[in-house]
Amino acid sequence: MNKTIGFIGCGNMAGAIIGGLVSSGKVKGENVIASDGFSKGLENCKKKYGIRTSLNDNLTVAREADILFLAVKPNVYFNVIDEIKNDIKENVVIVTIAAAISMDSVKAGFGKEIKIVRTMPNTAAMIGESMTVACKNSLVTEEEMNEVMELLKSFGKAEFLEEKLMEAVIAVNGSSPAYIYMFLEAMGDGGVLAGIPRDKAYKMAAQAMIGSAKMLLETGKHPGELKDMVCSPAGTTIEAVYSLEKNNFRGTIIEAMEKCTEKSNQMAGKK
């Protein structure tokens with residue numbers, strides 16, 4: 001791709017995305033330009049990926065970018081939009097990566113019709129394993145959306161959904177690494193309780209989770225079917241499953257995700 005890809009904000013998430021773009025060969029480093037108020041992220045990305053950088057200069061990025069990622073914190077989103085709204089290219093595609101910020105609110109911030117792709121990646125972008133969900137407004141062409149999706153796939157997998165589902169996506173995808181880390185920590189504690197050294201317990205639990213996730217994705221089997229394959233009659237696994245069910249394991253997870261979605265809806269101004 002020969003288009004210029006711009007990033008306003010160059011923190012951990014932007015750095016992970018830039019790394020994916022350049023390392024995959026989809027974009028040359030010289031075709032990426034990023035700005036930030038702090039030099040550390042800019043310097044790291046410039047050194048690693050050969051991108052162009054602009055310290056404290058969002059307008060230069062806005063003027064050059066054909067696809068512009070807004071990678072700043074939600075609380076300053078509209079300040080940044082107000083700063084750059086008169087300097088963006090006519091046909092720029094704006095890519096947002098902030099929770100609870102709708103495409104309509106971004107359009108209102110720019111004060112005009114504009115092409116917007118809303119995305120929700122997760123922190124696994126830092127190792128090229130993000131699951132990113134995206135939606136677009138009607139001004140973004142299919143060709144442009146395909147280009148953005150290819151960029152998103154450079155640091156993991158990507159799926160398209162309607163915007164009305166994006167708040168629920170946060171619970172399933174954006175916030176879910178936190179629940180998974182809690183589960184892994186608990187498994188590690190259980191291993192330690194049984195006498196396994198902590199570092200080995202964490203490694204075994206993490207690899208079991210990676211293997212299980214790959215089994216689900218690669219076989220296409222229902223998770224319940226895969227669970228049943230592990231549960232022998234009167235065996236150890238079904239005993240553990242019984243204990244989890246007795247303590248409302250699945251209900252607790254579902255309720256946590258429901259609370260996450262409710263909070264996301266509140267932040268987005270929805271009932």
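- In the annotation of an unreviewed UniProt entry, the entry for the protein chain reads Pyrroline-5-carboxylate reductase, and the organism field reads Clostridium cadaveris.
- Recorded in UniProt for the protein chain, the comment headed Function (unreviewed entry) runs: "Catalyzes the reduction of 1-pyrroline-5-carboxylate (PCA) to L-proline."
- Turning to the protein chain, the UniProt annotation filed under Pathway (unreviewed entry) states: "Amino-acid biosynthesis; L-proline biosynthesis; L-proline from L-glutamate 5-semialdehyde: step 1/1."

1. Structural notes on the UniProt feature "domain: Pyrroline-5-carboxylate reductase dimerisation" (unreviewed entry) in the protein chain
- Mapped onto this numbering, the UniProt entry annotates "domain: Pyrroline-5-carboxylate reductase dimerisation" (unreviewed entry) at residues 163–267.
- Span residues 163–267 is 83% helix and 0% strand, its end C-alpha atoms 15 Å apart.

2. Section: the side chain of Glu-147
- Topologically, Glu-147 is positioned in helix α6 (residues 142–152).
- For Glu-147, the contacting residues outside a window of four places in its chain are Met-1 and Lys-3.

3. Some words on the pairing of strand β7 (residues 130–136)
- In terms of residue burial, β7 counts as a mostly covered element, since five of its seven residues are buried.
- Across four bridges, the pairing between strand β6 (residues 115–120) and β7 is antiparallel. In the sheet register, Arg-118 faces β7, and the bridge partner there is Cys-135.

4. Re the sheet that holds strand β5 (residues 93–96)
- An order of β3-β2-β1-β4-β5-β6-β7-β8 is seen for the eight strands of this open sheet, with the pairing classed as mixed. A single partner strand is all that each edge strand has here, and the edge strands are β3 (52–55) and β8 (156–160). Averaged over all pairs of adjacent strands, the angle between strand axes in this sheet comes to 20°, irrespective of strand direction.
- Of the strand pairs in this sheet, β5 and β6 are connected by four bridges, and their pairing is parallel. Considered in β6, the bridge of Ile-94 is made with Ile-116.
- Sitting on the sheet, helix α1 (residues 12–23) is in contact with β1 (5–8), β2 (32–36) and β4 (67–70), with an inclination near 165° to β1.
- Packed on one face of the sheet, helix α2 (residues 39–49) meets β2 and β3 and runs near 170° to β3.

5. Overview of the nonpolar core
- With 32 residues, the main nonpolar core has Ile-5, Phe-7, Ile-18 and Phe-69 as its most contacted residues.
- Put simply, the parts of the chain that give this core at least two residues each are β1, α1, β2, α2, β4, β5 and α6.
- The contacts of Ile-5, once residues within four sequence positions are left out, are Leu-21, Val-27, Asn-31, Val-32, Ile-33, Ile-67, Phe-69 and Leu-151.
- If you look at the next biggest cluster of nonpolar residues, it comprises 30 residues, including Ala-62, Val-72, Val-92 and Ile-101.

6. Concerning the UniProt feature "domain: Pyrroline-5-carboxylate reductase catalytic N-terminal" (unreviewed entry) in the protein chain
- Mapped onto this numbering, the UniProt entry gives "domain: Pyrroline-5-carboxylate reductase catalytic N-terminal" (unreviewed entry) at residues 4–96.
- Overall, residues 4–96 shows 41% helix and 23% strand. The separation of its end C-alpha atoms is 16 Å.

7. What to know about the domain arrangement of the protein chain
- In terms of domain boundaries, the protein chain breaks down into domain 1 (5–161) and domain 2 (169–268).
- If you average the C-alpha positions of domain 1 and of domain 2, the two centres end up 32 Å apart.
- Between domain 1 and domain 2, the residue contacts involve ten residues of the former and nine residues of the latter.
- Across the interface of domain 1 and domain 2, roughly 710 Å² is buried in total on both sides, 69% from carbon and sulfur atoms.
- For domain 1, the biggest contributors to the area lost against domain 2 are Ala-100, Met-120 and Asn-122; these three give 55% of the whole.
- Examining the composition of the side of domain 1 that touches domain 2, we find that three residues originate from one element, β7, more than from any other.

Analysis parameters
Residues numbered from 1 in each chain as written. Predicted model: local features only at pLDDT ≥ 70, side-chain atom pairs only at ≥ 80, totals over all residues. Heavy atoms only, no water. UniProt positions renumbered as here; feature names shortened; annotations may be inferred. Helix = DSSP H or I, 4+ residues; strand = E, 2+ residues; numbered from the N terminus. Contact = heavy atoms within 4.5 Å. Buried < 20%, exposed > 50% of the residue type's maximum accessible area, 1.4 Å probe, protein only. Pairing = 2+ DSSP bridges. Axes fitted to C-alpha atoms, helices over the stretch in contact; angles between N-to-C directions. Core = buried A, V, L, I, M, F, W, Y, C linked by side-chain atoms within 4.5 Å. Domains from an automatic or database assignment. Buried area = accessible area lost by both parts, 1.4 Å probe.

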